[in-house]
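# Topology and contacts: notes
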Amino acid sequence: MKLRVCVFEDDPLVRRLLEMALTRRGYEVHDFPHPLACPLTTHAECACAAENACVDAVLSDVNMPGMSGLEFVERQRRKGCKCRHYALMSGGWTPEQRAWARALGCALLTKPFSLRDLNEWLDEVGEATPPERTLADWPPTLAATP
């Protein structure tokens, strides 16, 4: 099964390395320098069809310009986003950020992390994702909302 993953990382080198690692696993990857560059943030409500998420997982840095990864996940959850798997990564987690991320149900990765750590999370996502699931169109548009 080919998973669709969104990556938010403001460091171009790290973003490229993550994109390469995910592509090697056979995933469809959409990467952005920050959440505000992504079509997921352009709608006030979830733009996906009734039961279908537009991505299987989101991997995001915590500290980025415009909107933090924590703010992004919280906003998506409030909008009714159907994505079930979020991982946040940071090289300088504060206790407050860790608590917020856990309250949002996110996996936490501490930079620098190994590809093994990333792959363990991706394996969990793959095992929890039904192979018969259908994803909404990418990029999401309000026209897709019934």
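Residues numbered from 1 in each chain as written. Predicted model: local features only at pLDDT ≥ 70, side-chain atom pairs only at ≥ 80, totals over all residues. Heavy atoms only, no water.

A separate point is the pairing of strand β4 (residues 85–90). Burial analysis of β4 places six of its six residues in the buried class, the great majority of the element. Every second residue of β4 is oriented toward a common face, with His85, Ala87 and Met89 on one face and Tyr86, Leu88 and Ser90 on the other, all of them buried. Of the crossover connections in this fold, the one passing from strand β3 (residues 57–61) over helix α2 (residues 69–78) to the parallel β4 is right-handed. Handedness of the crossover is the feature at issue here: the chain leaves β4, passes through helix α3 (residues 95–103), returns alongside strand β5 (residues 107–110), and the resulting connection is right-handed. (Buried < 20%, exposed > 50% of the residue type's maximum accessible area, 1.4 Å probe, protein only. Helix = DSSP H or I, 4+ residues; strand = E, 2+ residues; numbered from the N terminus. Right-handed = clockwise from strand over helix to strand, strands pointing away.)

Within the fold, Ala57 resides in strand β3. On a C-alpha basis, the gap between Ala57 and Val5 in space is 4.9 Å, while along the polypeptide they are 52 residues apart.

So, on to the confidence of the model for the chain. Close inspection of predicted coordinates is inappropriate for parts of the model with low pLDDT. The predicted model of the chain averages 90 in pLDDT, with 94% of residues at 70 or higher. The spread of mean pLDDT over the elements of the chain runs between α2, the lowest at 94, and β3, the highest at 98. (pLDDT = per-residue confidence, 0-100.)

In this structure, strand β1 (residues 4–8) lies alongside strand β2 (residues 28–32), joined through five bridges in parallel fashion. Residue Val7 lies in a different strand from β2, and its bridge partner there is Asp31. In terms of handedness, the path from β1 via helix α1 (residues 12–24) over to β2 forms a crossover that is right-handed. (Pairing = 2+ DSSP bridges.)

Where α2 meets α3, the axes come as close as 10 Å, and the angle between the chain directions of the two elements is 25°. Taken as axis vectors, α2 and α3 run roughly parallel relative to one another. With respect to the hand of their crossing, α2 and α3 are arranged in left-handed fashion. Together, Leu70, Glu71 and Glu74 of α2 and Gln97, Trp100 and Ala101 of α3 make up the contact between the two elements. A breakdown of the residues in the contact of α2 with α3 according to their chemical character gives three nonpolar, one polar and two charged. (Axes fitted to C-alpha atoms, helices over the stretch in contact; angles between N-to-C directions. Parallel < 35°, antiparallel > 145°, perpendicular 65-115°, else oblique. Left-handed = near helix turned anticlockwise from the far one by under 90°. Contact = heavy atoms within 4.5 Å. Nonpolar A, V, L, I, M, F, W, Y, C, P; charged D, E, K, R; others polar.)

Turning our attention to the packing of aromatic side chains. This structure, assessed with the given rule, holds two aromatic pairs. Site record: aromatic cluster; members linked through ring pairs are Phe8, Phe32 and Phe72. (Phe/Tyr/Trp six-rings, centres within 6.5 Å; stacked < 30°, edge-to-face > 60°.)

What follows deals with the pattern of salt bridges. Side chains that differ in sign of charge can pair as their charged atoms come close. What the rule picks out here adds up to nine salt bridges. Between Glu19 and Arg16 there is a salt bridge whose closest N-O contact spans 2.1 Å. Pair noted here: Glu19 and Arg16 are both in helix α1, with a separation of three residues, about one helical turn. Note on Glu19: relative accessible area 17%, which makes it buried. Two residues, Arg78 and Glu74, come together in a salt bridge whose shortest N-O distance is 3.5 Å. (Salt bridge = Lys/Arg side-chain N within 4 Å of Asp/Glu carboxyl O.)

A few words on the sheet that holds β3. Ordered by their spatial adjacency, five strands build an open sheet running β2-β1-β3-β4-β5, and the pairing between neighbours is parallel. Every interior strand has two partners, whereas the edge strands, β2 and β5, have only one. Direction aside, neighbouring strands of the sheet carry axes that sit 15° apart on average. Against the sheet, α1 engages β1, β2, β3 and β4, with an angle of about 170° to β2.

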